[in-house]
Amino acid sequence: MDFSSAVFLCARKSDCVTNSTSHYHNHYELNFLTSGNTRMRIGEMDIEYNSFDFLLIPPGLTHLLYESKYEKFDNYVIWFELKDKKAEEDGKVIKLHDFDGAVKFLCSEIYRLYTQKKHEEDELSNIYLQGVLYHMNKGVVLDASNHLSREDELLDAAVKYINSNFLDVYVHVADVADVLNISPSYLTRIFNRKLSISPMRYINEVKVSSAKEMLRTGNLTVKEIAARLHFSDPLYFSRVFSQLEGLSPREYRKVAMLSDLSSGLD
């Protein structure tokens, strides 16, 4: 999907705990859940909606945020349109899990500029918006004109299981398949068809995203981070990290520290 002409319109941050009214827009909606757990009804689909999940809802598609069992849950809503393009309903929803907080940061910056009425920063808001949309290339595309297919349901459940458990236990492809009562080979086919990556690659991407956050914000050694992410061999962890990021964990930490220092001096 081409979002290069996306133009920011407005934003909202909500902590509602009761059902919102079913509605639709003539523009795109970015909906991002920062905390809590609920469901979203989009078109003909009911989608599990958990902390750090991110949904892109196209124009003309009816959607409803269900009441949450939590006393409070927070979500950002950002609306945008495509410049010089007529809004068309295509029924395609994109769901993404924000592993390392990058989307949350970008959305919060867009919201901050909007609420401070810094219209002179509209260009910056559009840059942040492009950053958010850039992450969509790893999202799962769902067809809201139909009920979720069996494979979509399995993929959603697999992703949720991995995201919820990778810090607590060592998650292997066979474990995920066993939870879903399917074979590892069938799970692999689903991931390859839907995401164009293997489930093991997906698990490693989740772990590396978490490792990046630990390297940027904490004082844990690479060996300690590897252990927290259930890598028995720190050298293997470093090799996986380098393959996915193009930098070793130590090199990444140095670059991140220099970047933070540069930002602090601006």
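In what follows, the structure referred to is the one given above.
1. A closer look at the sheet that holds strand β9 (residues 140–143)
A sheet is described by the order of its strands in space; here 6 strands give the open sequence β1-β7-β2-β5-β8-β9, paired in antiparallel fashion. Edge positions in the open sheet fall to β1 (6–14) and β9, since each of these has one partner strand only. Sheet twist, expressed as the average angle between the axes of neighbouring strands with direction ignored, equals 20°. As defined by bridge partners, β1 adjoins strand β7 (residues 74–82) across 8 bridges and the pair is classed as antiparallel. Bridge assignment links Phe8 to a residue of β7, and that residue is Phe80. Packing of helix α1 (residues 102–115) onto the sheet brings it into contact with β1, β2 (28–35), β5 (53–57), β7 and β8 (92–97), and relative to β1 it is tilted by some 90°.

2. Topic: the pairing of β9
Residues Val140 and Leu142 of β9 are buried on one face, while the alternating residues Val141 and Asp143, pointing to the opposite face, are not. Examined bridge by bridge, β8 and β9 share 4 bridges and lie antiparallel to one another. In the strand pairing of β9, Lys95 is matched with Val140.

3. Quick word on the nonpolar core
With 50 residues, the main nonpolar core has Ile42, Leu187, Phe191 and Phe237 as its most contacted residues. Here this core takes 7 residues from helix α6 (residues 199–217), the largest share from any one element. Setting aside chain neighbours within four positions, we find Phe237 in contact with Ala211, Val222, Ile225, Ala226, Leu229, Phe231 and Pro249. Within the second largest apolar cluster, 25 residues are counted, among which are Leu30, Phe32, Leu82 and Val132.

4. Details of the sheet that holds strand β3 (residues 37–42)
Strand order in the open sheet formed by 3 strands is β4-β3-β6, with antiparallel pairing between adjacent strands. The sheet terminates laterally at β4 (45–50) and β6 (63–65), the two strands that pair on one side only. Neighbour-to-neighbour, the strand axes of the sheet open up by a mean angle of 20°, direction not taken into account. Both β3 and β6 contribute to a ladder of 3 bridges, which runs antiparallel. Within the sheet, the bridge partner assigned to Met40 lies in β6 and is Leu65.

5. Observations concerning unusual backbone geometry
A positive phi angle is found at Asn181, which is not glycine, with a value near 60°. Owing to a relative accessible area of 70%, Asn181 belongs among the exposed residues under this scheme. Positive phi, normally seen in glycine, also occurs at Ser196, with a value near 65°. Topologically, Ser196 is positioned in the loop between α5 (184–195) and α6.

6. Considerations on the packing of aromatic side chains
Tallied over the full model, the rule gives 12 aromatic pairs. Taking 5.9 Å as the distance between ring centres and 55° as the angle between the ring planes, the aromatic pair formed by Phe231 and Tyr236 counts as tilted. For Tyr236, a relative accessible area of 39% corresponds to the partly exposed category. Chaining the aromatic ring pairs together yields one cluster made of Phe231, Tyr236, Phe237, Phe241 and Tyr252. Positioned above the aromatic ring of Phe231 is the side chain of Lys207, whose terminal nitrogen or guanidinium carbon lies 4.6 Å from the ring centre.

7. Observations regarding helix α8 (residues 234–245)
Over its 12 residues, α8 runs 16 Å from end to end, which matches the ideal 16 Å to within 8%, given 1.5 Å per residue. Within α8 the residues assigned to the buried category are Phe237, Ser238, Val240 and Phe241. In an axial view of α8, the angular spread of the buried residues amounts to 165°, which keeps them on one side of the axis. In α8, the exposed residues that point more than 90 degrees away from the buried face are Leu235 and Gln243. Here α8 starts with a cap whose side-chain oxygen sits 2.9 Å from the backbone nitrogen of Leu235, and that cap is Asp233. Where α8 ends, the next residue or the one after it, Gly246, has phi of about 80°, a positive value.

8. Brief notes about the side chain of Asn50
By the element assignment, Asn50 lies in strand β4. Asn50 sits in the buried class, given a relative accessible area of 14%.

Calculation rules
- Residues numbered from 1 in each chain as written.
- Predicted model: local features only at pLDDT ≥ 70, side-chain atom pairs only at ≥ 80, totals over all residues.
- Heavy atoms only, no water.
- Pairing = 2+ DSSP bridges.
- Helix = DSSP H or I, 4+ residues; strand = E, 2+ residues; numbered from the N terminus.
- Axes fitted to C-alpha atoms, helices over the stretch in contact; angles between N-to-C directions.
- Contact = heavy atoms within 4.5 Å.
- Buried < 20%, exposed > 50% of the residue type's maximum accessible area, 1.4 Å probe, protein only.
- Core = buried A, V, L, I, M, F, W, Y, C linked by side-chain atoms within 4.5 Å.
- Phe/Tyr/Trp six-rings, centres within 6.5 Å; stacked < 30°, edge-to-face > 60°.
- Lys NZ or Arg CZ within 6 Å of the ring centre and 35° of its normal.
- Expected span 1.5 Å × (residues − 1).
- Arc of directions from axis to C-beta.
- Polar contact = N/O pair within 3.5 Å; in protein donor to acceptor, adjacent residues only side chain to side chain.

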